[in-house]
Amino acid sequence: MKNIALTFDDGPSKFTDRILALLQQYNFKATFFVWGNRIDKMPKTLVKTAQLGNEIGNHTWTHARISEISAEDAEQELQKSHDKIIEIIGKAPIIMRPTFGDAREPLPTVAKKFGYPLINWSVDPMDWDHDDADRTFDTITSTVKEGDIILLHDSEPATAKAVERLIPWFAENDFNLITVSELLPQFYETPQPGKLYGVKTT
């Protein structure tokens, strides 16, 4: 089996439960980088996400571009989301995804205070930029390889449709979906706080 990490940004949303059901059906796990101020709208979905063995990561409170705000404001963006995740699922996140993939300062310095490695991606079908499930499916299946971190958004309706095809395809093609924290030691290193993983850097 070829291990990869399927990741979702910007949830929880009304489409997340559909994705969770597919993951559960195939005994796959994914990583969900959640937008903190959306959690209270769907707390039960976040609880279910964690209970099914998926990983929850921090994606800031308001999706601010951290490189354009002060270190103090950046810390608040991470802290509020960090605290809300603990409040709802009873467990602290241990990774975060930079908004817009932008891992410039002050984010690395602030992330170290939380012990967060920074997680970007190696496969990006740009699902947020189009409403085309077929395009998302084709981009991923034509490029994915062992060790990849795939970026998707569970806030997008076409993404949920694409996942309905992707999950069976992964199974049929000997891919195994694991969490980012499980993947990093296998293909990168023991994750280090404040360090960026994945290939997108700006």
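Provided above is the structure to which this section pertains.
Right, let's walk through the structure included here. (Residues numbered from 1 in each chain as written. Predicted model: local features only at pLDDT ≥ 70, side-chain atom pairs only at ≥ 80, totals over all residues. Heavy atoms only, no water.)

### Observations concerning helix H4 (residues 107–114)
Stated precisely, the cut-off is as follows: Buried, partly exposed and exposed residues are distinguished by accessible area as a fraction of the type maximum, computed with a 1.4 Å probe on protein chains only: under 20%, between the cut-offs, and over 50%, respectively. The way it works is that DSSP assigns letters per residue, a run of H or I at least four long becomes a helix, a run of E at least two long becomes a strand, and they are numbered from the N terminus. Along the arc lie the directions from the helix axis toward the C-beta atoms. It only takes one pair of heavy atoms within 4.5 Å for two residues to be counted as in contact.
Within the span of H4, buried status applies to Leu107, Pro108, Val110, Ala111 and Phe114. In an axial view of H4, the angular spread of the buried residues amounts to 165°, which keeps them on one side of the axis. Among the exposed residues of H4, those pointing more than 90 degrees away from its buried face are Lys112 and Lys113. Those residues of H4 hidden inside the fold are in contact with helix H3 (71–89) and strand S4 (118–119). Downstream of H4 by a residue or two, glycine 115 has a phi angle that is positive, lying close to 75°.

### A closer look at unusual backbone geometry
A cis amide bond links glycine 11 to the next residue, proline 12, at an omega of 0°. Structurally, proline 12 can be placed in the loop between strand S1 (2–11) and helix H1 (16–25). A positive phi angle, close to 60°, is found at asparagine 27, a residue other than glycine. Take asparagine 27: it is sitting in the loop between H1 and strand S2 (31–34). The exposure class of asparagine 27 is exposed, given its relative accessible area of 58%. Positive phi is not limited to glycine here, since phenylalanine 100 has a value of about 60°. Mapped onto the elements of the fold, phenylalanine 100 is located in the loop between H3 and H4.

### Thoughts on the packing of aromatic side chains
Just so we agree on the cut-off: The criterion for an aromatic pair is that two Phe, Tyr or Trp rings (for Trp, the six-membered ring) have centres within 6.5 Å, with stacked assigned to planes under 30 degrees apart, edge-to-face to planes over 60 apart and tilted to the rest. Over a ring means this: the NZ of a Lys or the CZ of an Arg is within 6 Å of the ring centre and within 35 degrees of the ring normal.
A complete count under the given rule lists seven aromatic pairs for this structure. Where phenylalanine 114 meets tyrosine 116, the ring centres are 5.3 Å apart and the plane angle is 10°; that geometry is what we call stacked. For phenylalanine 114, a relative accessible area of 17% gives the class buried. Here tyrosine 116 falls in the buried class, since its relative accessible area comes to 0%. When the ring of tryptophan 169 is compared with that of phenylalanine 175, the centres are 5.7 Å apart and the planes differ by 20°; the resulting orientation is stacked. As far as burial versus exposure is concerned, tryptophan 169 and phenylalanine 175 are alike and both buried. Members of the aromatic cluster, joined through ring pairs, are Trp169, Phe170 and Phe175. Sitting above the plane of the phenylalanine 175 ring, lysine 2 keeps its charged end 4.2 Å from the centroid. If you follow arginine 165 out to its NZ or CZ, it ends over the ring of phenylalanine 137, 3.8 Å from the centre.

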